[in-house]
Amino acid sequence: MGAKTLTILGSTGSIGRNTLDVAGRFPDRFQVHALAANNNVGLLREQIETYRPAVAVAYDEEAAERLRAENPRGGATAILSGMEGLLEAAGDARVEQVVSGMVGAVGLRPTYAAIDAGKQVAVANKETLVLAGELMVRRAGETGSMLLPMDSEHNAIFQCLAGDSAGALDHIVLTASGGPFRDLPLERFPEITLEQALDHPNWKMGPKITIDSATMMNKGLEVIEAHWLFGLPPERIRVLLHRQSIVHSLVTFVDGSVIAQLGLPDMRTPISYCLGYPERLSLELPRLNLAEVGRLDFEEISPKKYGCLFLALDALELGGGAPAALNGANEEVVAAYLNGAFPFLNISEMLHRVMAGLKAVLASNEAPPCLARIDTVDDALAADRWGREAAQRLIAN
Ligand code: MG
């Protein structure tokens, strides 16, 4: 059997770097066909030299120009750019698995292209399922594309479900670390600094998802993802605060059995499960020692501290373009927050106002069709844009 050919969308990000770390340990099993990044030319160039892909994409045109000028590998790697480049890398007939690890709505079209082409798609890009889950899952069913959940919680559930029929499942429980402020009393939330918000206690991730983890919007988006990936109604998806991030998620079966997937918090484990699927790869990583961990704590989620989780559950109940709109608004608000535009508490407050506005528009009979229904990637992006514009109006004030 030849090596599995990979396209890695988002190769310079946290998921991409960890994917290359795993793939690079098994040069006989994996061949990197294409790497795609936004504008981190320095790292992309290094990755091109190390992994020797046939194709590299810099989404940013100006970054692609700089990369071409550097002529890595004497031109042996074709340098593409823009959305066209991403779509080509994702749908390329030579590729077997596409790792969808880009951050944000920009990942939607390339991921759809991979699904459309019937690839195995390792989904780490949340927006794929949050913005257009119904569409993506339906298209995957039509093309025979297999969606492998790379997000640690969904990967955990995927592992727990192996071998059981859908009818055996009662409900699933996603665990949430609670981020850096799980022990901070609500009255002290006004003092939170950007530096504190970026300091996640358990996971090393990019800045946007780290903030989403602190607000728990991340878990809300994950509930929406789980809804589509596992075909479960919202009431059969629960969330528990679990501060140690050792139990990555749990499944309760109809006979009362609960199966959990445990491990040290290291993304390379779920990544390797997706890359190697259906086989497990032997990884030289530190092993979990439960005696060292000592205890595993579980708590209910405080709606006051983690309002963003409940906004996402609201959006899931509303359906249609509501999750896309909320996600778009969240991206704008978090980007502005990372630029120091306002204090931490304003994130949930602004998103609350966006959701109130969305409900009012939906009730008014003047809602754009994309807010009520998502039939195409364009609808999903239009709903996302609606949310972004609503957020931008609040940020500007
Ligand atoms: Mg996660």
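Residues numbered from 1 in each chain as written. Predicted model: local features only at pLDDT ≥ 70, side-chain atom pairs only at ≥ 80, totals over all residues. Heavy atoms only, no water.

Moving on: helix 9 (residues 207-215). Within helix 9, seven of the nine residues are buried, which leaves the element mostly enclosed by the surrounding structure. Residues of helix 9 that are buried include every one of Lys208, Thr210, Ile211, Asp212, Ser213, Ala214 and Thr215, and no others. Against the buried residues of helix 9 lie helix 6 (126-143), helix 8 (194-197), helix 10 (217-230), helix 13 (307-318), helix 14 (322-338) and helix 15 (345-363). Just downstream of helix 9 lies Met216, where phi reads positive at about 70°. (Buried < 20%, exposed > 50% of the residue type's maximum accessible area, 1.4 Å probe, protein only. Helix = DSSP H or I, 4+ residues; strand = E, 2+ residues; numbered from the N terminus. Contact = heavy atoms within 4.5 Å.)

The next point concerns empty space enclosed by the protein. This structure, assessed with the given rule, holds one cavity of 30 Å³ or more. Here the largest cavity is characterised by a volume of approximately 30 Å³. Contributing to the lining of the largest cavity are Ser152, Asn155, Gln159, His248, Gln261, Thr269 and Pro270. Listed by contribution, the elements that provide at least two residues to the lining of the largest cavity are helix 7 (152-161) and helix 11 (268-276). (1 Å grid on protein atoms, 1.4 Å probe; cavity = no way out; pocket = protein on both sides within 12 Å on 5 of 7 lines; lining within 4 Å. Points joined across faces, edges and corners; volume = space filled by probe spheres on them.)

Bringing the sheet that holds strand 9 (residues 237-241) into the picture now. Here we have four strands laid out as an open sheet, ordered 9-8-10-11, and mixed in their pairing. Edge strands, defined here as strands with exactly one partner in the open sheet, are strand 9 and strand 11 (258-262). The average undirected angle you get between the axes of adjacent strands in this sheet is 20°. Bridge analysis of strand 8 (residues 169-176) against strand 9 gives five bridges, and the strand direction is parallel. Looking at strand 9, one finds that Ala176 is bridged to Leu241. In the packing of helix 7 onto the sheet, contacts are made with strand 8, strand 10 (247-253) and strand 11, and the angle to strand 10 comes to roughly 40°. (Pairing = 2+ DSSP bridges. Axes fitted to C-alpha atoms, helices over the stretch in contact; angles between N-to-C directions.)

Turning next to the domain arrangement of the protein chain. Each domain of the protein chain was delimited in the assignment, giving domain 1 (4-149), domain 2 (155-265) and domain 3 (319-396). Computed over C-alpha atoms, the centres of domain 1 and domain 3 are 27 Å apart. Taken residue by residue, the interface counts 11 residues in domain 1 and 13 residues in domain 3. Both sides together, the interface formed by domain 1 and domain 3 hides about 950 Å², and carbon and sulfur atoms give 63% of it. On the domain 1 side of the interface with domain 3, the three residues burying the most area are Arg109, Leu131 and Leu135, jointly 48% of the side's total. (Domains from an automatic or database assignment. Buried area = accessible area lost by both parts, 1.4 Å probe.)

Let us look at the packing of helix 9 against helix 10. The geometry of helix 9 relative to helix 10 is characterised by a closest axis approach of 5 Å and an angle of 95° between their N-to-C directions. By the angle between their directions, the pair helix 9 and helix 10 is classed as roughly perpendicular. Each of Ile209, Asp212, Ser213 and Thr215 in helix 9 lies in contact with helix 10, whose residues at this interface are Met217, Asn218 and Leu221. Residue composition of the contact of helix 9 with helix 10, by class: three nonpolar, three polar and one charged. (Parallel < 35°, antiparallel > 145°, perpendicular 65-115°, else oblique. Nonpolar A, V, L, I, M, F, W, Y, C, P; charged D, E, K, R; others polar.)

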